[in-house]
Amino acid sequence: MAKINENYGKLTESYLFSNIAHRVSTYQKENPAADIIRLGIGDVTLPLCPAVIEAMHQAVDEMGKQDTFHGYGPEQGYSFLKQALLGYYAGRGIVLEEDEVFISDGAKSDLGNILDLFSPDNTVLIPDPVYPVYVDTNLMAGRAIRYINATESNGFLPLPDPSVRADIIYICSPNNPTGAAYTKEQLAQWVQYAQDCQAVILYDAAYEAFICDENHPRSIYEIDGAKNCAIEFCSFSKTAGFTGTRCGYTIVPLSLSIQGAKLNHMWLRRQTTKFNGVPYIVQRGAAAVFTPEGQTQIQENLAYYRKNASVIAEALRSCGVWFTGGTYSPYLWMKCPNGLSSWEFFDLLLQKANVVGTPGEGFGKNGEGFFRLTAFGDQQRTIEAAQRLKQLIASL
Ligand code: MLT
C-alpha cells in the first residue's frame, strides 16, 4: 500500500497567496461592481523592457532555423548568461566562477529544492515573520524549525543569538514581507554566527535590485567569509519583471563544504538529475538585462516602483501609521490601525476601500497586527489605493 508523506498534514490548508486570491475572487463575485485594487501578491505590472523583448525575438528566430536551433541546454544554464552574471557581480567586487552559478526557473523553486542536499535532522532557523516558502518546504520534509523573532522593537531585523544553535539559517534581505534590509555590519554578524555553528545560510536576495546605497549589501558575498557558509538565491522576477517569464539563479560557492562534501557538486548532481534547464529564449532575454540598454531600462522600471512605494509611504506617514520598508524594497509593512488583527484589517480594507493587501499573520505569528502592501502595482491605481487607504484610516 502506498504511504503518503504525513508531514503535509502539518501545513496550513492552502498556500497564503492562493488563500487570498480565493477570498478576493469570492468577494468580487458577490460584488461585481467593486473596483478592486490589488496590492497583495508581489507581482510586477510593467511589461518586460525593450532590450529583453528584442533579445527574445532574436532567440525565437534562431530556434526556427536548422543551424541555430537549440535542443536540450546545459541543466545549469548557458555560458552566455552565467558570464553576464559574473560581470554583474564583478561590478560589486565579487569574483565568482562560472561553475558557481546555476540558472533556474526562479528563486522559489531553488529555495525549496535546495533542501534535497540536507539531511532531515538538521535544525533550521527561520525568522518570523517570513516568506512562507521557507517554512512550508521544511515542514514538508519533517525538519525541526526554530523561529527567531522579528518584531517592531528590533526593526524586524533580528540578529543572531549565540545561545541558540542552528544548522541551516534563512535570511532574506531586503526582506519579504517586512521590507527591512540588513546593513553590512549586521549581516557580518550572521556570517560569523553561521561560521561558529558550522551552519549554512540560505540567502534570498530576490529584492537586491531595490537597494540604492552602499551600506546595505546586495549580495551576501560582500561579507568576508560568506563564500564558506552561504548559498545565494536570486531572480529576474522583481529585478526585471520576469514573474511570468521565469528565470532565476543560485550561487553555490566551490569553497562551501560540509562534512567533506562540496555542496556545489551535490547541487550540480541534483540539478542534472531533476531539472532540464531554463528555455534558451528565456535565458537570452535574461542576458539582455545586463546590456547597457537593459540596465538603463530596468532602472527606469525600478524607479517607477520606488515612486509607488513613496506614495504609499507618504499616505501612511500622513495618518501617523508605523511602518517599515518601502526604501530598499517594494514592500511596506504597516501596523494595523486601532489594534485590528491583520485579517480584520484585510477584510475592512477589501470591503470598505476595495483594496487588497496581505495580512501579516500569513507570514508568521509575529506578523499578527501588521499588514503588507506592495509597490508593484500600476502607478495611477497605487495613487488611488493610497487615497482610499488614507480615507479609511481617517474614518476609524
Ligand atoms: C510575494 O508576494 O511574497 C511574492 O510575490 C511571492 C513570490 O515571489 O513567490
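Owing to the predicted nature of the structure, the values given are computational and were not obtained by experimental measurement.

Which residues make up the sheet that holds strand 4 (residues 144–149), and what values do they have?
Across the sheet, 7 strands lie side by side as 2-8-7-6-5-3-4; this open sheet has mixed pairing. If you trace the sheet from one side to the other, it starts and ends with strand 2 (101–104) and strand 4, each paired once. Each strand axis lies, on average, 20° off the axis of its neighbour in the sheet, ignoring direction. Where strand 7 (residues 230–235) and strand 8 (residues 248–251) come together, 4 bridges link them in antiparallel fashion. Its bridge partner lying in strand 8, Glu232 is registered against Ile251. Together, strand 3 (123–128), strand 4, strand 5 (168–172) and strand 6 (200–204) form the strand contacts of helix 6 (residues 184–197), whose direction differs from that of strand 5 by roughly 170°.

Just give me the short version of the site of the ligand, but keep the residues and values in it.
Taken together, Phe17, Ile41, Gly42, Tyr131, Asn176, Tyr207, Lys238, Tyr331 and Arg372 form the complete shell of residues around the ligand. Between the ligand and Tyr131, the relevant distance is 2.5 Å, taken from an oxygen atom to a side-chain nitrogen or oxygen of the residue. Within the side chain of Lys238, a nitrogen or oxygen atom sits 2.9 Å from an oxygen atom of the ligand. For the ligand, whose accessible area on its own is 270 Å², the fraction buried by protein is 84%.

Can you break down the nonpolar core residue by residue, with the values?
Membership of the largest hydrophobic core comes to 93 residues, with the highest contact counts inside it found for Ile169 and Ile201. What Ile169 contacts, discounting residues up to four positions off in sequence, is Leu125, Trp190, Tyr193, Ala194, Ala199, Val200, Ile201 and Leu202. In this structure, Leu11, Cys172, Val200 and Ile231 belong to the second largest nonpolar core, which totals 28 residues.

Kindly report on the side chain of Thr245, identifying the contributing residues and their values.
Mapping Thr245 onto the fold places it in the loop between helix 7 (237–240) and strand 8. In this structure Thr245 comes out as buried when scored by relative accessible area, which is 19%. Setting aside residues up to four positions removed in sequence, Thr245 forms contacts with Leu48, Met56 and Val282.

About the cut-offs
Residues numbered from 1 in each chain as written. Predicted model: local features only at pLDDT ≥ 70, side-chain atom pairs only at ≥ 80, totals over all residues. Heavy atoms only, no water. Pairing = 2+ DSSP bridges. Helix = DSSP H or I, 4+ residues; strand = E, 2+ residues; numbered from the N terminus. Axes fitted to C-alpha atoms, helices over the stretch in contact; angles between N-to-C directions. Contact = heavy atoms within 4.5 Å. Near = heavy atom within 4 Å. Polar contact = N/O pair within 3.5 Å; in protein donor to acceptor, adjacent residues only side chain to side chain. Areas by Shrake-Rupley, 256 points an atom, 1.4 Å probe, with all protein chains shown as cover. Core = buried A, V, L, I, M, F, W, Y, C linked by side-chain atoms within 4.5 Å. Buried < 20%, exposed > 50% of the residue type's maximum accessible area, 1.4 Å probe, protein only.

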